[in-house]
Amino acid sequence: MKKVHLWLLLLPGLLFLTIFMIIPIFMTIGSTFYHEGEFTVEGYVKLLSDPYMLKILGTTLQVSFVTTLVCILLGFPTAYYISKTKARTKGILLMLALFPLLTSAIVRSFSWMVILGKNGLVNQFLLGIGLIDDPLKILYTPIAMMIGMIHLFLPLMIISLVGVMENIDGDLLQASESLGASRWKGFMSIIVPLCVPGLIVGSILVFVGSLTAYTTPQLLGGKQRVIATFLYQNAMTLNDWYMASIIATVMIVITFIIIGLMNRLARKLNPKG
């Protein structure tokens, strides 16, 4: 009887997701196989054989992978430090880590445009100290997109890791040291494997967010195209909803492939997790 009550509590959410997310997704995917009343996969062949589309796909994956990797490298030590502080200090540090999420992505992107432009703060500083003779072209490049998205998604990585690290017993590291392991070896063989669930969740959030981001690549990438901006161009500028649906389906497939690979990696790194 209790299980029935639990299912009844779950039912409104399931109905909402089914009606407004699952059914539209399946309708979008299904529409890509029917064009002008006939079953066809010509759209996929045309899209995936187009060098321009392959370049866009390569740029998108490159930006997403680098963004995820840098967020891991920056987020892991930050989250570890936050998890080891006192409760009051931890609350302040978490608030500071989450503060960027309270600012619109558009506002943050315009701020980076001011910082990374030819006459921006970065170039002015490098010119001032004599490190360069001419302004660097940073804005409207994949590097600018990566910087903007690292700023955008790093808080998600930190929060995912802090939640896991808080539950790791600090005595485990001391026990490994008492058995002869160095602090670094104990950290890598005990702490890191126990953090794998948080790393996987954070990596998925960052990667999928970077893969599907539109505002930041549009403002900081300039003529550089990623899948999300290419989809918008086909749908809203070219009014080609059929091709836009195919691009959306490709994004969905890539997302599920990456999630599957990350879950498999998690099982290998932490079989008992």
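Placed above this text is the structure.
Residues numbered from 1 in each chain as written. Predicted model: local features only at pLDDT ≥ 70, side-chain atom pairs only at ≥ 80, totals over all residues. Heavy atoms only, no water.

Engineer: Any chance you could explain the packing of aromatic side chains here in plain terms?
Structural biologist: Under the definition given, this model contains 7 aromatic pairs. An angle of 10° between the planes, with centres 6.1 Å apart, marks the rings of Phe 33 and Phe 39 as stacked. Residue Phe 39 is classed as exposed on the basis of its relative accessible area of 58%. Relative to Phe 230, the ring of Tyr 52 has its centre 5.8 Å away and its plane inclined at 80°; by these criteria the two rings are edge-to-face. Placement of Tyr 52 in helix α3 (residues 51-83) and of Phe 230 in helix α12 (residues 227-237) is noted, with a sequence separation of 178 residues between them. An aromatic cluster of at least three residues, connected via ring pairs, comprises Phe 33, Tyr 34, Phe 39 and Tyr 44. (Phe/Tyr/Trp six-rings, centres within 6.5 Å; stacked < 30°, edge-to-face > 60°. Buried < 20%, exposed > 50% of the residue type's maximum accessible area, 1.4 Å probe, protein only. Helix = DSSP H or I, 4+ residues; strand = E, 2+ residues; numbered from the N terminus.)

Engineer: Could you clarify how one ought to interpret the nonpolar core in this entry?
Structural biologist: The biggest cluster of nonpolar side chains holds 28 residues, and the ones touching the most others in it are Phe 76, Ile 158 and Leu 161. Elements with a minimum of two residues in this core: α3, α4 (87-98), α7 (142-165), α9 (183-194) and α10 (196-212). For this core, the element with the most residues is α7, which contributes 12 residues. Counting residues in hydrophobic clusters, the runner-up holds 22 residues, among them Ile 56, Phe 207, Val 250 and Ala 266. (Core = buried A, V, L, I, M, F, W, Y, C linked by side-chain atoms within 4.5 Å.)

Engineer: When you look at the side chain of Ser 210 in this model, what are you seeing that I'm missing?
Structural biologist: Along the chain, Ser 210 turns up in helix α10. A relative accessible area of 4% places Ser 210 in the buried class. A polar side-chain atom of Ser 210 sits 2.8 Å from the main-chain carbonyl oxygen of Val 206. When residues no more than four places from it in sequence are discounted, the contact partners of Ser 210 are Ser 64, Thr 67, Met 149 and Phe 153. (Polar contact = N/O pair within 3.5 Å; in protein donor to acceptor, adjacent residues only side chain to side chain. Contact = heavy atoms within 4.5 Å.)

Engineer: Before we go on, may I ask you to explain α3 in this structure?
Structural biologist: The α-helix winds at 3.6 residues per turn, so residues separated by three or four positions along the chain end up facing the same way. The terminal C-alpha atoms of α3 lie 46 Å apart, and with 33 residues this matches the ideal 48 Å at 1.5 Å per residue to within 8%. Where α3 bends most, the angle comes to about 30°, and this point is Gly 75, followed within four residues by the proline Pro 77. The distance from a side-chain oxygen at the start of α3 to the backbone nitrogen of Tyr 52 is 3.1 Å, and the residue carrying that oxygen is Asp 50. (Expected span 1.5 Å × (residues − 1). Bend = angle between axes of the 7 residues up to and from the residue.)

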